[in-house]
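Structural description and commentary
Chain residues, written in single-letter form:
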Amino acid sequence: MAMVVSGREAGKGQQEAAATMDAGKYVRYTPEQVEALERVYCECPKPSSLKRQQLVRECPILFNIEPKQIKVWFQNRRCREKQRKEAFRLQTVNRKLNAMNKLLMEENDRLQKQVSELVYENGYMRQQLHNASVATTDTSCESVVTSGQHQRQQNPTPQHPQRDANPAGLLAIAEETLAEFLSKATGTAVDWVQMVGMKPGPDSIGIVAVSHNCSGVAARACGLVSLEPTKVAEILKDRPAWYRDCRCIDVLTVIPTSNGGNIELIYMQTYAPTTLAAARDFWTLRYTRGLEDGSLVICERSLTSATGGPTGPASPNFIRAEMLSSGYLIRPCEGGGSMIHIVDHVDLDAWSVPEVLRPLYESPKFLAQKMTIAALRHLRQIAQETSGEVPYGGGRQPAVLRTFSQRLSRGFNDAVNGFADDGWLLLSSDGIEDVTIAINSSSNKLIGSHVNSSALFSTIGGGVLCAKASMLLQNVPPAILVRFLREHRSEWADCGVDAYSAASLRTSPYAIPGVRTSSGLSGSQVILPLAHTLEHEEFLEVIKLEGHVFNQDDVVLSRDVFLLQLCSGVDEDAVGACAQLVFAPIDESFADDVPLLPSGFRVIPLEPKTVDSPAASRTLDLASMLEIGSGAASRSVNETASSSYNLRSVLTIAFQFTFENHLQDNVAVMARQYVRSVVASVQRVAMAIAPRPSCQIEVEHIPQGFPEADTLACWISQSYRAHTGLEILRQCSQTSDSLLKLLWHHSDAIVCCSLKARFRIYASFFMRPHSKHKNTCMTEMFVLLQGSPVFTFSNQAGLDMLETTLIALQDIALEKTLDDGGRKLLCSEFPKIMQQGFSYLPAGICLSSMGRPVSYEQAVAWKVLNEDDSPHCLAFMFLNWSFV
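One structure accompanies this document, and this report is about it. (Residues numbered from 1 in each chain as written. Predicted model: local features only at pLDDT ≥ 70, side-chain atom pairs only at ≥ 80, totals over all residues. Heavy atoms only, no water.)

A few points about the sheet that holds strand 30 (residues 853–856)
- With respect to topology, three strands assemble into an open sheet ordered 29-30-33, the strand pairing being antiparallel. The open sheet has two edge strands, strand 29 (844–847) and strand 33 (882–883), and neither has a second partner.
- Pairing geometry for strand 30 and strand 33, over two bridges, is antiparallel. Following the sheet pairing, Ser-855 is matched in strand 33 by Ser-882. (Pairing = 2+ DSSP bridges. Helix = DSSP H or I, 4+ residues; strand = E, 2+ residues; numbered from the N terminus.)

Rendered as structure tokens:
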């Protein structure tokens, strides 16, 4: 019976022992034998029996070792390797926990300090209220007001003295910026509220908080990464690599300082997230220096007329935004790695965008997702790649795959924004302003380092055409919509267009008139994953559309179509994150420098800003800019962010196609029609996946000023059931929710129109002689309105659609909300409504009170009867409506 005994390592650990029972003696491995076994172990940690026997035969120094003992040596070696890795992992986790514990203790100290300040302020306010209660003169009241103002201005926005644009003046601005940044990162200068779903832990991204009631919007994050501080600083300064909305960043001036730091004057341009808003730019001062405790600080702020300093460059197509004191505090950790504090604080001039988009520019959660969390995630990704823990996808290094993701995002942002300095030129519309067409004939439009542009366009001329549109979605979670669009491409995409997009990037692109998909021969979709981020919030993949068959000059061709696709934001628990699906056609070779022409979708949730009064609510105007001094009355809306039932989001669609000059008009017509068809498909998908009203909805705002509202809701429901046989409102017997509450929160727009302005139907009969036929009797029926009927009631969705309030609703005439086609259709259907009781109206376009077009999937009109079965009003329900 053989017995194996583990020996001691000799010398410097190079000599390992493995003994066998051989005549009662122990045999040790020589250093040469250990070296030979180690070489084999590096190539194959678990050799087979044949491999071990071959090893003994080919290696003379192992001639006295039996294959069985070599097997035991490899077993022990694998065991020691596993123990070593586990010990290293536990040390890493312990180091992370110690650093996280230190971080949490600092956060606890900061919160205790904040609590102390709040207790002091509370006591101060109590004292002032007590003084106000005993005051008996107007002077005392004025004193109380003055005291309240003093309380609110305990921490006013600092007024900086004017400084010259010389090194001394810039250094003074830099030092003040540093102090303000540190007070935000580790102090109580901003009231921070922890972001939902961001729990600290060794494997979490860190502690993330957002601002509450401060100037502008701010976000803060604290996290750990296994990178040295200097490497972290280098990565964070390369903002275009991780901030996807950064178009360009130019360091115009670098000034060394006497304390070993440096001052940089930076001009940065950022993309607009949708076609409905202008892009932003920043003119900032960035200050980098080391602290006495070994920490590294990078702080930044805008240079304005208030702070002093030089004036930055001006760009007419950008709105100048302000960056308040922001930056990064990077502390070295014991045992390696860094502890990072990130603060982003900006004022994006929300009043310059359409009202419905202002929550996007006023949301600190959206800022946290786009900048603060994105920076931490990028650092963690780089750290994982540096340690070799990220596997290669498709035989490519992670850095190459990250470059693909950046190119896709940048190309899509370029298409959505369409900057003139990039060569984009708008084309005239076809009379309907729902789809915007722009062309770009610059030779470097295709994003690829070795694109053969001359083969494509130089001979016959051409360029790139982009068709884009934006629309408002109601009650559709962005993550679910994008996930559906990714997994069910056939529900919205046209395989003929996919085939044209793929073929157009070849040296001899097919002309639009000759490309037509053979019916019934569309192929299936295969998803080939390439890479994903650590938390799977973004993944890169290749889409293979198999067996697409199309005709070219009456020749049937069959070819697989390949798309490089980037999908992000499909996590439903990510608060404030936008969802995006971007793709670009590629060929089978898929080279690292493949030209990319991205198209896709972006869905941005519109989380309303918390307000103290319903009067601060916004309208749903997607196209108009803010009109200062407008007298339009504001309306009350339910802004419960946690309820997906009231979720609003903006969908932006952009598709890019190559074209030849003589086919530009054809491609423009095709692109416009295709985007409209995609919009219609997305609307159908949105209607299918949108959550339906439940009986557990908490009502915040009940219509006021309508004492008969409950009775009217009952009449509406009963009449709809009597005419159509269907239920419009499903009331739960176990709840006390009234029909009015269910009607008010119904997902479709329901409006009522008075019958006080009588519809009168006139029929005229006349004989029209004809030269060849007998006299023909012609009947003409038309409807005249004696005083245009007006709206009398609407639910919340109807007010959103009409962009009005309950008070202003009665000033809106029915005929003003219908286009010519809608008015003619209603006139023709009115006798049927009055006789049959209801009528289904096809999809169409109506107008809001602001004159903005609103599309709807279908409409139902029915006659509302009162208790005496007499007509009381007309009701209209618009299904799956959205702004276009």
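As for the packing of helix 8 (residues 364–386) against helix 9 (residues 398–417)
- Where helix 8 meets helix 9, the axes come as close as 11 Å, and the angle between the chain directions of the two elements is 150 degrees. Judged by the inter-axis angle, helix 8 sits roughly antiparallel to helix 9. When helix 8 is examined against helix 9, the residues His-378, Gln-381, Ile-382 and Glu-385 are found in contact with a partner set consisting of Pro-398, Ala-399 and Arg-402.
- Residue composition of the contact of helix 8 with helix 9, grouped by class: three nonpolar, two polar and two charged. (Axes fitted to C-alpha atoms, helices over the stretch in contact; angles between N-to-C directions. Parallel < 35°, antiparallel > 145°, perpendicular 65-115°, else oblique. Contact = heavy atoms within 4.5 Å. Nonpolar A, V, L, I, M, F, W, Y, C, P; charged D, E, K, R; others polar.)

Notes on the pattern of salt bridges
- Counting across every chain of the model gives 23 salt bridges.
- Of the charged contacts in the structure, one is a salt bridge between Glu-264 and Lys-237, with a shortest N-O distance of 3.7 Å. Taken together, the residues span a long stretch of sequence, with Glu-264 in strand 7 (residues 262–270) and Lys-237 in helix 6 (residues 229–237) at a distance of 27 residues.
- Notably, a salt bridge pairs Asp-800 with Arg-648, separated by 3.0 Å at the nearest N-O pair. Here the residue Asp-800 occupies a position in helix 16 (residues 796–802), and Arg-648 occupies one in strand 23 (residues 648–660), the gap between them amounting to 152 residues. (Salt bridge = Lys/Arg side-chain N within 4 Å of Asp/Glu carboxyl O.)

Structural notes on the packing of aromatic side chains
- A full pass over the atoms with the stated rule returns 17 aromatic pairs.
- Relative to Phe-583, the ring of Trp-492 lies with its centre 5.9 Å away and its plane at 40 degrees, an arrangement referred to as tilted. On the criterion of sequence distance, the pair formed by Trp-492 in the loop between helix 11 (478–487) and helix 12 (495–504) and Phe-583 in strand 21 (residues 579–586) is long-range, its members being 91 residues apart.
- According to the relative accessible area criterion, Phe-583 is buried, its value standing at 4%.
- For the pair Phe-657 and Tyr-674, a centre-to-centre distance of 6.4 Å together with 75 degrees between the ring planes defines the contact as edge-to-face. One end of the pair, Phe-657, is in strand 23; the other, Tyr-674, is in helix 13 (residues 664–689), and 17 residues separate them in sequence. For the pair Phe-657 and Tyr-674, one class covers both residues: buried.
- The structure contains a cluster of three or more aromatic residues connected by ring pairs, namely Trp-492, Phe-583, Phe-601, Phe-655, Phe-657 and Tyr-674. (Phe/Tyr/Trp six-rings, centres within 6.5 Å; stacked < 30°, edge-to-face > 60°. Buried < 20%, exposed > 50% of the residue type's maximum accessible area, 1.4 Å probe, protein only.)

Some thoughts on the packing of helix 6 against helix 8
- In contact at an axis separation of 11 Å, helix 6 and helix 8 are set at 125 degrees when each is read in the N-to-C sense. Comparing the axis directions of helix 6 and helix 8 gives the class oblique. Considering how the two elements wind past one another, helix 6 and helix 8 form a crossing that is right-handed. Across from Val-232, Ile-235 and Leu-236 in helix 6, the residues of helix 8 making contact are Ala-375, His-378, Leu-379 and Ile-382.
- Class assignment for the residues of the contact of helix 6 with helix 8 results in six nonpolar, one polar and no charged. (Left-handed = near helix turned anticlockwise from the far one by under 90°.)

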